[in-house]
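Here is how the chains run, residue by residue.
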Number of protein chains: 2
Amino acid sequence: MNVRVVCRFLGVILFLVALSMTFSAAWAFYFHETQVVWAFVYSMAITFAVGIALLWYVSRSSEELLRKEGMLLVGLGWLLSALFGCLPFILSGVIVNPISAYFETMSGFTTTGATVLSDLETLPKGILFWRSFTHWLGGMGIVVLFIAILPQLGAGGKVLFKSEVPGPSAEGLKPRVSQTATRLWAIYVGISMAETVLLRAEGMTLFDAFCHTFGTMATGGFSTKTASIAHYDSILIEVTIIGFMILAGTNFNLYYRMLRGRWRAAPSDAEWRVYCGIMVAAIVLVTLNLRAQAIYRDLGSAVRYASFQVVSILTTTGYCTADFDLWPSFSRVLLVLLMFVGGCAGSTGGSMKVVRVSVLFKRAALEVRKVFRPQLATTIKIGRSPVSEERTTAILAFVILFVGIFAVASCLMALMGLDLATAVSSSIATLGNIGPGLAGVGATMNYAEIPLPGQLILSICMVLGRLELFAILVFFVPSFWKK
Amino acid sequence: MNVRVVCRFLGVILFLVALSMTFSAAWAFYFHETQVVWAFVYSMAITFAVGIALLWYVSRSSEELLRKEGMLLVGLGWLLSALFGCLPFILSGVIVNPISAYFETMSGFTTTGATVLSDLETLPKGILFWRSFTHWLGGMGIVVLFIAILPQLGAGGKVLFKSEVPGPSAEGLKPRVSQTATRLWAIYVGISMAETVLLRAEGMTLFDAFCHTFGTMATGGFSTKTASIAHYDSILIEVTIIGFMILAGTNFNLYYRMLRGRWRAAPSDAEWRVYCGIMVAAIVLVTLNLRAQAIYRDLGSAVRYASFQVVSILTTTGYCTADFDLWPSFSRVLLVLLMFVGGCAGSTGGSMKVVRVSVLFKRAALEVRKVFRPQLATTIKIGRSPVSEERTTAILAFVILFVGIFAVASCLMALMGLDLATAVSSSIATLGNIGPGLAGVGATMNYAEIPLPGQLILSICMVLGRLELFAILVFFVPSFWKK
C-alpha cells in the first residue's frame, strides 16, 4: 500500500472542497450573513491547511495509482470530504452536534438528501447553498468516477468495480481520463444550466433555482423549503423537475454518445428502456391504487402526485410533492421496492441500478427454465451484449451484499429503539441514497430524531451505497492492508 | 408431456391421502364425534373415487417418470393433496369457506402452521388430529422427496433441483429409491415415537402428545391449544420440544449416516455447525435485547423465552411460548431475518435453508476480496466440498427468486389493505413455511382476518416455498408445456 500517493490525491480533493466553499461564502456575503461568511472562511482555512499538510507529506511523489491505492483513495475521498465539508455547519452554529453535521454533509456528498434540519426558511442562505452544492459536487464526482476514472485506473482499472455495468460503460469514451472527465463535466454543467434557467423562468428565485437544480441533477433531494417542491404547488415546476430527474437518472455515457452524433443512443439502450418501463409501470400502478382508495379528488391529481413521487424515488432523488407515508400500503410497499432499484448505471442515481436488477431477473428466469432444460446455456443478454457467467455471479453477489447490508442496518436501527417501518425504511433510504423513507423518516419528517449512533450508522450506509459497497467494504478485509 | 404417467402417480397419492384420513376418523369415533366421522367417511370416499378415476384413465401404463413429468407430479401432488385434504374441514362444518379450508390444509401439508382457526379447544378432536397429521405427512413427504426421490428421478434427476444441497445430498444413500425412502421413513417414525413418549410422560394427553409431535417433527406448528405451547407453561415440555425442533431442522441424511455407524456425521457437517451457530448467536442476541429492555423479570426467563422462539422460528416450526410481537424492534427484526434462513437442507424445515445462506455469504465475501485481488479463484467451499461457479450462480438465482417472490407477495398483501408489518411478515411467514408473523398475523393472532384472495395468495406462497420454488414456477413457463 503506497500511502504517499493516496495522500497526494487526498490533498487535491481537500483543495477542491475548500475552493468550492467560496461560492457559498459569496452567497452568504450577498445576503449579509456575516457570521456564516466567517464560518466559511475558517472552514476553508482549515481544509486548505490539511490539504497542504497532506501534499507536504508526499513532496512531489509522481507514482501511479494502483488498484488498492485507488480504492483507498475513493473511500477516503468521500469520508474526508464529508468530514471537512461539515465544518461550515458546525462553525456557523446551524448544526451543533458534529455527528449530525457529518450526517448532513455525507447526505449531501452522497446525493442522498436525508436531512436533520427543519424550518429551512429560517436558516442562513449561505449554509443552504453549501448544503445543496455538496449534492452537485457529489453527483459530478460519481459520474466522473464511474465513467471516466474507474474504468481506466491503472492496469486493473477495468476490473476494479467489476460488478459495474456490463456493456456501455467504456464503449465510446475517449481513452484519456482527463478529456473524458472534462466532457462529462461539460454535459453535467450544461444540463444543470438549462434546468436553472427553466426554474428561474417558472418563478423561482435565482438562489432557489440553483439549489433545486443541484438537488435534481445529483438526484440528491435537499430543498431550500421545508415543504420541498410541494412548497411551490406549481405543475410547471413539477413537470420540469420530473424531466430533469429522469435525465439525471440516465447513464451520462449516453449523452456523451448522443453528443457525438448517435442520437438514438438513449432510446436504443436496453437499460434505459427498462428504466423508463419500470417508471411508467409504477406510475400506473400507484395512480390506480390512489384512485381506488380515493386519496385524491380526480384522476389528474392522482397522476400528478404519483408521477412526481415515483420518479423522485426511482431516480433516488427524494424530492416530495405529497406525503406518501399517508398513501395506501400497496403504494408504500411499491415505493420501498423502487428504492432498491435506483437509476441507471453511470447516472447520478443511487441504489442497485436498473442494469443489475435486469441481470437479476433475467438470470432468475433462466434458472427456472434450466430446471427442465438443463442443457440451456448460462449466458444472458442485456440488449445485444452478452453477460458472462462470472460477471453475472459478481452482480448477484453485489445484490446479496446490498440486501445483506440493508438487513444488518435495519437490525441496528431497530436496536436504537426505532419502530419497524422507520428502522427498515431509514436503512434503505440511506443505503440507496434516496433520502426520505416511511414513518419516523417519512416525507414530512426528518432524521433529527434518530439517535446519534443511528445517524453514524446511516452515514456509513450512505457512503457504502454511493460507492457501490466495495470501495468501503475492502477496508474491513485484513488482507487489503497487507503489502 | 406424458400426462398419463403423471395421473397414475397422482392416483396413488390420493389413495394415500384417503388412507391417512382413517386415523383421524378413528380419533373422531373414539371421542364420539359422529358428524366428524361422517365428514371423514365422505371425504375418503370422494378422494378414493377420484384416485380410482385417475388410475382408470392410465390403465396400467408403466412408463418411467421423466424430468418434466416429475416436476408436474410434485407440484400437482401438493396442490391436489391440499384440495382433497380440505374436504373434512368443509364437510364437518369447522371451516365453512372453501378457500379458508384450502389455506388451512395447504398450511398443514406444507408444514407451515398458519391457521385460520381460533378457540382450538372447542373444535372436534378428529379435525384437530387431521390438521396436525397433514403436517406429519407433509414433513415426511418433503424429506423423502428431497433426499430419496429427486436425486434419483430419471436421467436428469440429479439436476432436477440443482439449486439443492451441495455435498451431502446423495452421498451415503443407497441407490434404490424405495429402500432409501423406507429407511428415512423409519428414522422419521422412530424420532416421532420418541417425542410422543416423552411428551406423554411429561404430562400431555396421548392425543395432545401425538398432535404436538406431528407439529414438531414436520416443523409445522399447528397446536391443539389456542395458546400454543404456552398453554402448558412447563419448562420440561418446552425443552423437549426445543430439542425435537432442532432434530427436525437437521438434514435427515445425517441420521441415515449416523445409523450406519458414522457417529460424528452431524457434528462434523459444515451446514449443521452453521445451523447451530446461527441458533446460539440469535438466542444470545435476543436474550441480551430482552434483558436490556427489561421485558422479563430475570435472566432465566429471558433465556427460556428467547431460546424457544428463536429455535421455533429458525427451524420454521412456529410454536410459541411468548408473544414476540410485543418484544423490542431489534428482536422482531432479527426473528424476521431468521425466517429467511430456515432449517438445514434435507430437513423438514422450510425457507431458504442454511446451506444456501452459507453459500451466499461465502460468495459475497469472496467478491469483496476479488475486488483488489482479481486473480482469486471463483470456487468456494462448504466444509470440504467445493461448490462450482455454476452451482453458486444457481443458488444465488434461487435466493433472488425467493426474495423477489417475497417482495411481490408483500405488495399483493398490501394491496389487500393490510398494514405494512402484516403484509410483509405474512408473506415471509408463509413463503418460509413458518406460520406466525408480526402484527395482524402475530403469535397470538391468526389468518382468519386476511381477506380471501389474500389467503389464496398465501396458500400459493406456502407451496412455492415448500417445493423450493421451481416445481411450481415452471408451470408459468410456456415452453414447459410444449412437447
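In this report, the structure presented in the accompanying data block is examined. (Residues numbered from 1 in each chain as written. Chains lettered and ligands numbered in written order. Predicted model: local features only at pLDDT ≥ 70, side-chain atom pairs only at ≥ 80, totals over all residues. Heavy atoms only, no water.)

**What to know about the nonpolar core**
Threshold: Buried Ala, Val, Leu, Ile, Met, Phe, Trp, Tyr and Cys residues form a nonpolar core when they are joined through side-chain atoms within 4.5 Å. To sort residues, take the accessible area from a 1.4 Å probe on protein chains only and compare it with the maximum for the residue type: under 20% means buried, over 50% means exposed, and anything in between is partly exposed. Contacts were defined at the residue level, with two residues in contact if any of their heavy atoms lie within 4.5 Å.
Counting residues in hydrophobic clusters, the biggest one holds 320 residues, and the most contacted among them are Phe252 of chain A together with Phe252 of chain B. Non-local contacts of Phe252 of chain A, meaning those with residues more than four positions away in its chain, are made with Val143, Ile147, Leu184, Ile187, Tyr188, Ile191, Met217, Leu247, Gly346, Ser347 and Thr348 of chain A.

**Quick word on the relation of the copies chain B and chain A**
Operational definition: Alignment of the copies relies on least squares applied to C-alpha atoms, considering only residues that score at least 70 for pLDDT in both.
Once chain B has been moved 0.0 Å along the axis and rotated by 180°, it coincides with chain A to within an RMSD of 0.0 Å. One copy is carried onto the other by what is essentially a two-fold rotation axis. Using C-alpha coordinates, one finds that chain B approaches the rotation axis most closely at Thr393 of chain B, a distance of 2.8 Å. A symmetric contact is evident, with 100% of the interface residues of chain B recurring at the interface of chain A.

**Comments concerning the pattern of salt bridges**
So the rule is basically this: Every case where a carboxyl oxygen of Asp or Glu lies within 4 Å of a side-chain nitrogen of Lys or Arg is listed as a salt bridge. Strands are runs of DSSP state E lasting at least 2 residues, helices are runs of H or I lasting at least 4, and numbering of each runs from the N terminus.
Summed over the entire model, instances satisfying the criterion amount to 20 salt bridges over all chains. A salt bridge links Arg332 of chain A to Asp325 of chain A; the shortest N-O distance between them is 3.6 Å. With a closest N to O distance of 2.7 Å, Arg131 of chain B and Glu104 of chain B form a salt bridge. Taken together, the positions of Arg131 of chain B in helix α6 (residues 125–149) and Glu104 of chain B in helix α5 (residues 98–109) put the pair 27 residues apart, joining distant regions of the chain. Here Arg131 of chain B falls in the buried class, since its relative accessible area comes to 1%. The network of salt bridges with shared partners includes Asp233, Glu238 and Arg304 of chain A.

**Some words on the packing of aromatic side chains**
Our working rule: Planes of paired rings set the category: under 30 degrees apart is stacked, over 60 is edge-to-face and the rest tilted, where pairs are Phe, Tyr or Trp rings (Trp by its six-membered ring) whose centres lie within 6.5 Å. Only Lys NZ and Arg CZ are tested; either one counts as a charge over a ring when it is within 6 Å of the ring centre and within 35 degrees of the ring normal.
Counted under the stated rule, the structure contains 66 aromatic pairs over all chains. Look at Phe129 of chain B and Phe207 of chain B: their rings are 6.1 Å apart centre to centre, the planes differ by 40°, and that puts the pair in the tilted class. Of this pair, Phe129 of chain B sits in helix α6 while Phe207 of chain B sits in helix α9 (residues 206–217), and the two are 78 residues apart along the sequence. With respect to burial, Phe129 of chain B and Phe207 of chain B carry one shared label: buried. A cation sits over an aromatic face here: Lys125 of chain A above Phe31 of chain A, 5.6 Å from the ring centre. The residue whose ring lies beneath Arg356 of chain A is Phe398 of chain A, and the NZ or CZ to ring-centre distance is 3.7 Å.

**A word on the interface of chain B and chain A**
Defined as follows: For any pair of parts, buried area is found by adding up, for both, the accessible area (1.4 Å probe) each one loses once the two are put together. Whenever a nitrogen or oxygen atom comes within 3.5 Å of another N or O atom, the pair is scored as a polar contact, on the condition that within protein one atom can donate a hydrogen and the other can accept it, and that pairs from neighbouring residues in sequence are kept only if both atoms are in side chains. Each residue gets one of three labels, nonpolar for Ala, Val, Leu, Ile, Met, Phe, Trp, Tyr, Cys and Pro, charged for Asp, Glu, Lys and Arg, and polar for the others, Gly among them.
Listed per partner, the contact involves 51 residues of chain B and 51 residues of chain A. Surface buried jointly by chain B and chain A totals about 4500 Å² across both partners, of which 79% is contributed by carbon and sulfur atoms. In terms of surface lost to chain A, no three residues of chain B exceed Val371, Phe372 and Leu420 of chain B, which account for 15% of the buried area on that side. At the junction of chain B and chain A, the tally comes to zero salt bridges. Run the count over chain B and chain A and you get five residue pairs in polar contact (both at pLDDT 80 or more). Secondary-structure elements contributing two or more residues to the side of chain B that touches chain A are α3 (67–85), α7 (157–160), α14 (329–341), α15 (354–372), α16 (389–415), α17 (420–431) and α19 (470–473) of chain B. Residue composition of the side of chain B that touches chain A, grouped by class: 32 nonpolar, seven polar and twelve charged.

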